[in-house]
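What follows is the residue order along each chain.
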Amino acid sequence: MKPAISTMQTAALVQSAITPTMVLAVPSIMISIAKQDAWISGVIALVAGMAMALGTAFICKANKGQLFVSWMESSFGKPVGIAIGLLLGIYYFNSFCIIVRSFTNFVSDIVLDQTPLYMLAGIMVAVTAFTVMQGIEALARSAFVVLILILVVVPLSVFVLYTDIDFKRLLPLFDESAARMMIASLPPVALLSEVSVLLLLTPYMKKPAAGLQAGLVGTVLGALQLLLVLLLGLTIFGQQLVPMMSYTFVNIMAIVEVGEFLERIEVFTVSVWFLTMYIKMSVFLFASVHCLVHSLRLRSERHMVFGLSVLAIVTSLTEWPRNMGGGFIFAVVNIPLLFIGNIVLPLLIALGLLITRGKRNKGGSQSS
Amino acid sequence: MRIRIKSFLSVVVLLFAALVTTGCWNRIELNEIAITSATGIDWDGENWIVSYQVVIPAAISSVTGGSGGTGPKSPIIVYSTKGKTIRDAIMHSFSESPRKLFFAHNRVVVIGEKAMRKGVNELIDVYFRNSGSRETVSVLATPGTSRRVLEQFMQLQAISGAGMKEIILSEMKNTSILPNVPVYQLAMEITGDAKSAVVPEIFVSGSEDTSSLDSFSSTSIPSKLKLGRLAILKNDQMIGWMSRKESLGAAYLRDSVQQSFVVVPCEDQEGKKGFDTVQILKSKTKIIPKLQGGQLSFKADVDVTGTLMESNCAQDLFKPGVIQSLEKEGEVQIIAMMQEAWKKGQELQVDLFGAAEKTHRKYPKQWKEWSNSWDEVFAKSPLEAKVKFRMARMGLSNKSFQYLLDKKEK
């Protein structure tokens, strides 16, 4: 029986696929480019993200309930379908390796600086592999629980930071040129394009027609969290200081001091964020396994999960010899890869679907 | 058989996981760390000298009256290390301390004047780069060496590092003369539009040191740790001091007054002079930049609410005009303080009052031109101060005691 996930669970999965990396290193990069107008870049990214969610949902509408690779095969023929499946599988595997390494760097920088990276990456990938083996339904339920946790933690965090916030630090508005604001919006737009994972998730939805709703909710939730971190960073620290912070949201939570009894609460925030990070890794490993298993006509998903996990540990540790500048590399240098996997490829699929629409309709009417 | 093998393998995997996922590499054992309550930074001309006030948990109970076999022992120990960089100096601590320094509970960082004049950028870098140290640590400046400050004991507080933090918080809350400046705020001010910052002073008041517990055998101690003036920083280097009066004026201009007090002169009907003390309960300052004919000027609008705490003038506070004249005098006092602080800032060519940020926000186009020579622009910009002083309460008596005495004599 094909598993079925609800619309909100799908939205939670999309949100988890976007947010963890986006709030990690992107805010300081955006603020270093667009200064106090970085939040406007965040709004631009939100609008672009919604447009991408809309586009992805429209492509998904053409799918009549088939799994992604089967859908591609039935639309474009076997060789092309398999090629698209393999391409996406490799893309998601590559992204998974990058995510594993960026999260490993983060844990190593913030908490476990003396623990060897192979141990951190190994444990992370092992937990992710275990989650993926439980299937998409279990993953979706976990993502939804994590989303609820975020919805509790975020307002609490803003509340305890309330006295440090000074909105005047956002002024003057539009001090930076429109070009700089657009450039600053590129990293978040690239990460918001992860909404394309909907292409793989829609067939598992109870109501595939609600794919648009799930994509929009997930994208908006992700973009709003980025906006919140940007606004908190700017209104608390100002535009000059944030660019020197590798992990802005950790620095923001680190300054909370309520009397002498509530201090160092960044540990709790980071703990909740860790959960989102595991969901993100699981979504990407799932996507990679899904595409490769169906493209290569493999019977066992478990063996593929195991194989890809081992390969991911080795790749993520050996590809980048040092932590230095990790956040920058993953947020900026990774942009072309994100655009190719999440925008160019779906656009080509959309184009292909448009071209072959007539042929399919003809085939459909002939068969009926 | 197959199920048994599977179960056995699962147990082995679980045991292995339990073994390797305990965070062994980053474990922190309490008996292996030296908890620092205060850190001192000095510069000897060639090297950084970092001093540590380390807490001795076992000795705290003997000082605070707990059971102790051989009488009170010092709850803190102070030692210093030297290095080319701050972290280099800290690394040298491993050569002389049996425990690893643990900075997560550090409350204050005291910087000697020489180090302040050299620059604090290295210190800020250390705080933002390392996750162990906290950016909420309060920064204090001292005219001598920071080590001497760290060595002093304090009344009522066994760990003087924590005591120093409490003093500055109390001062900020009750008098607002000196601000509490955490490391992140210092970094924000230095990188701000005006590129200037302030740091409160702490010094040893008294001739002898209170660095021995023997000092506590009498009812008074030879010296105390006391807050004093305000150190002024341009970029990351200290360039001078501000008096306490100027510092309070600066606090009004920086809109950082929480509660404070003002002593205003008063005069009764017969011309006899005295003083009223007014506690400031609330204060709100708006600094508005104005550009007229190419000349930049600033207007400070201060809204102050106070309560009468003490009066030694023969006044009937119900009489029309008495409260108004008191309010008027309060306004004059606060305006004088603000003008004095502004003047001092202009003398030192340092904008401590957030005028640069306000100008940048109001005149973003002109700011691009002014930002390169802001110190000169600021030094030529006059301040027009306006205070609206409102006496909200008169305390529990509506006439001064002196008024009753004078009435009786008549």
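Residues numbered from 1 in each chain as written. Chains lettered and ligands numbered in written order. Predicted model: local features only at pLDDT ≥ 70, side-chain atom pairs only at ≥ 80, totals over all residues.

Novice: Pulling in residues and values, what's your account of the overall build of chain A?
Specialist: Within chain A one finds 16 helices and two strands. In terms of overall size, chain A behaves like a compact globule, its C-alpha atoms giving a radius of gyration of 21 Å where 368 residues would be expected to give roughly 21 Å. Along the first, second and third principal axes, the C-alpha set of chain A runs to 75 × 45 × 35 Å. When each of the 368 residues of chain A is scored for burial, the buried share is 52%. Taking contacts inside chain A between residues at least 6 apart in sequence as the whole, the part at least 24 apart equals 85%. (Helix = DSSP H or I, 4+ residues; strand = E, 2+ residues; numbered from the N terminus. Rg over C-alpha atoms; globule rule 2.2 N^0.38 Å. Buried ≥ 20, exposed ≤ 12 C-beta atoms within 10 Å, placed from the backbone. Contact = placed C-beta atoms within 7 Å.)

Novice: Explain the domain arrangement of chain B residue by residue, including any values.
Specialist: Residues and elements named next belong to chain B. Domain boundaries in chain B define domain 1 (28-242) and domain 2 (243-410). Taken together, the contact between domain 1 and domain 2 spans 20 residues of the former and 23 residues of the latter. Of all the secondary structure elements, the ones that give two or more residues to the side of domain 1 that touches domain 2 are helix 7 (160-174), strand 7 (196-205), strand 8 (224-234) and strand 9 (237-242). Examining the composition of the side of domain 1 that touches domain 2, we find that four residues originate from one element, strand 8, more than from any other. (Domains from an automatic or database assignment.)

Novice: Can you break down the interface of chain A and chain B residue by residue, with the values?
Specialist: If you look at the interface, chain A gives 21 residues, while chain B gives 18 residues. Those elements that provide at least two residues to the side of chain A that touches chain B are helix 5 (78-110) and helix 6 (117-133) of chain A. Of the residues assigned to the side of chain A that touches chain B, the class counts are twelve nonpolar, four polar and five charged. (Nonpolar A, V, L, I, M, F, W, Y, C, P; charged D, E, K, R; others polar.)

Novice: I'd love a proper account of the sheet that holds strand 13 (residues 383-393) of chain B, names of residues and values included.
Specialist: All names here are of chain B. Pairing is mixed in the open sheet, where four strands are placed in the order 10-11-12-13. Among the strands making up the open sheet, the edge pair consists of strand 10 (260-267) and strand 13. Neighbour-to-neighbour, the strand axes of this sheet turn through a mean angle of 35°, independent of strand direction. Docked against the sheet, helix 10 (residues 322-348) engages strand 10, strand 11 (273-292), strand 12 (295-311) and strand 13, running at close to 140° with respect to strand 13. Contacts from helix 11 (residues 355-362) reach strand 11 and strand 12 within the one sheet, and its direction differs from that of strand 11 by about 35°. (Pairing = 2+ DSSP bridges. Axes fitted to C-alpha atoms, helices over the stretch in contact; angles between N-to-C directions.)

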